[in-house]
Amino acid sequence: MDAAAWDEKYAKADLVWGAPPNAVVVEIVTVLHPGRALDLACGEGRNAIWLATRGWEVSAIDFSQVAIDKARTVASKSPRSVRNRIDWATGDILTTTFDGSFELIVVAYLHLPKDERRQVLRKAVDALAEAGVLIVLGHDTTNIADGVGGPQDPDILFTPEDVVADIEDEAQILAAEKRERHVEAGTAIDALVVAARPVKESAAPLDEPGLDD
Ligand SMILES: C[S@@+](CC[C@H](N)C(=O)[O-])C[C@H]1O[C@@H](n2cnc3c(N)ncnc32)[C@H](O)[C@@H]1O
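Remember, predicted model here, so these are calculated numbers, not experimental data. (Residues numbered from 1 in each chain as written. Predicted model: local features only at pLDDT ≥ 70, side-chain atom pairs only at ≥ 80, totals over all residues.)

**Some points on the overall build of the protein chain**
In step 1: A count of helical and extended segments in the protein chain gives eight helices and seven strands.
In step 2: With 213 residues in all, the protein chain has 38% of them scored as buried. (Helix = DSSP H or I, 4+ residues; strand = E, 2+ residues; numbered from the N terminus. Buried ≥ 20, exposed ≤ 12 C-beta atoms within 10 Å, placed from the backbone.)

**Some thoughts on the packing of helix α6 (residues 114-126) against helix α8 (residues 160-167)**
In step 1: Direction vectors running N to C along α6 and α8 enclose 60°, while the axes themselves pass 9 Å from each other. Classed by the angle they form, the pair α6 and α8 counts as oblique. Note on packing geometry: the crossing formed by α6 with α8 is right-handed. Contact residues: α6 offers R117, R118, L121, R122 and V125, while α8 offers V163, D166 and I167. (Axes fitted to C-alpha atoms, helices over the stretch in contact; angles between N-to-C directions. Parallel < 35°, antiparallel > 145°, perpendicular 65-115°, else oblique. Left-handed = near helix turned anticlockwise from the far one by under 90°. Contact = placed C-beta atoms within 7 Å.)

**So, the packing of helix α1 (residues 3-12) against helix α4 (residues 65-75)**
In step 1: Across the interface, α1 lies against α4 with an axial gap of 7 Å and an inter-helix angle of 40°. As summarised for this structure, α1 and α4 are arranged oblique, according to the angle between their axes. Between α1 and α4, the contacting residues are W6, D7, Y10 and A11 on the first element and Q65, V66, A67 and K70 on the second.
In step 2: Here the contact of α1 with α4 is built from residues that sort into five nonpolar, one polar and two charged. (Nonpolar A, V, L, I, M, F, W, Y, C, P; charged D, E, K, R; others polar.)

**Points about the sheet that holds strand β4 (residues 102-108)**
In step 1: The strand order β3-β2-β1-β4-β5-β7-β6 describes an open sheet built from seven strands, whose pairing is mixed. Each having just a single partner strand, β3 (86-90) and β6 (172-183) make up the two edges of the open sheet. In this sheet, neighbouring strand axes are inclined to one another by 15° on average, regardless of whether the strands run parallel or antiparallel.
In step 2: As judged from the five bridges shared by strand β2 (residues 57-62) and β3, these two strands associate in the parallel manner. Bridging across to β3, I61 finds its partner in A89.
In step 3: In the packing of helix α3 (residues 46-53) onto the sheet, the strands contacted are β1 (36-40), β2, β3 and β4, and the crossing angle to β2 comes to about 175°.
In step 4: Against the sheet, α6 makes contact with β1, β4 and β5 (128-139), and its axis sits at roughly 150° relative to β5, the strand it touches most. (Pairing = 2+ DSSP bridges.)

**Here we look at unusual backbone geometry**
In step 1: At A41, a residue that is not glycine, the phi angle is positive and equals roughly 60°.
In step 2: Here A41 shows up in the loop between β1 and α3.
In step 3: Although it is not a glycine, A131 adopts a positive phi angle of roughly 70°.
In step 4: Along the chain, A131 turns up in strand β5.
In step 5: Judged by C-beta crowding, with 12 C-beta atoms within 10 Å, A131 ranks as exposed.

**Observations concerning the pairing of β4**
In step 1: Summarising burial for β4: seven of the seven residues are buried, a large majority.
In step 2: For β1 and β4, the ladder comprises four bridges, and the chain directions are parallel. In the sheet register, L38 faces β4, and the bridge partner there is I105.
In step 3: In the sheet, β4 pairs with β5 via six bridges, with the strands oriented parallel. Within β5, the position partnered with V107 by the bridge is V136.

**Some details on the environment of A75**
In step 1: Structurally, the position occupied by A75 is in helix α4.
In step 2: In this structure A75 comes out as buried when scored by C-beta crowding, with 21 C-beta atoms within 10 Å.
In step 3: Sequence separation of A75 and I49 is 26 residues, and the distance between their C-alpha atoms is 6.4 Å.
In step 4: Excluding residues that lie within four positions of it along the chain, A75 makes contacts with G45, I49, R83 and I86.

**Observations regarding the nonpolar core**
The nonpolar side chains of a soluble globular protein tend to be buried with one another.
In step 1: If you look at the biggest cluster of nonpolar residues, it comprises 50 residues, and the most contacted ones within it are L40, A48, I105, V106, V107, L134 and I135.
In step 2: If sequence neighbours within four positions are ignored, L40 has contacts with I61, I93, I105, V106, V107, L110, V120 and A124. (Core = buried A, V, L, I, M, F, W, Y, C linked by C-beta atoms within 7 Å.)

**Looking at the pairing of β6**
In step 1: With eleven bridges joining them, β6 and strand β7 (residues 186-196) adopt antiparallel strand pairing. Bridge pairing in β7 places R181 opposite A188.
In step 2: The hairpin turn running from β6 into β7, its antiparallel successor, is two residues long.

Rendered as structure tokens:
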């Protein structure tokens, strides 16, 4: 779907994804120390707003102007300290560049063709600070046959293994698994990967005594 199609979808409903943050995002982020976070394809901002309430300085981007406008409206009801911690941007994540200083990047339910997914995820790893954490969550490929809801085009779905293959040469994989999500219509199957940017080993200081000293 292009930005215009997403705009249309967001214009038709109140909050398409609801206001509460995603439960898996909450589970993973709760144990992290707040820093700078990037929410890629943030939609109406449910995760970005929750992150800001937890003390994260959040950059949130989506190419749907309607979604970003709705996110700003929802955020405007939050305390000023929370609102001020979120920087909303309208833009295409395929062409936008990000600096490499985020302690957390969330990519939730972004479904792109394989090559574009790989491009975005590798860019996300590059945008992490050392030891920064990337969360990739979406509808698993098996959800079409075994789950409920979500896109029905297998070309834009993924498995944890697909995501691992996209980034494992650049990132340390902390978790790669399927997750069940219970919704009104039944049980949906999600793919989850949590990865971290490795910490570079620093060279020994020049004046450090050697073994012979
Ligand atoms: C299923 S929604 C998920 C929204 C949000 N991450 C969440 O979990 O609530 C997918 C989002 O991806 C956005 N999107 C898709 N392709 C994009 C792109 N190339 N650049 C920026 N946003 C994109 C859409 O506008 C949409 O808001």
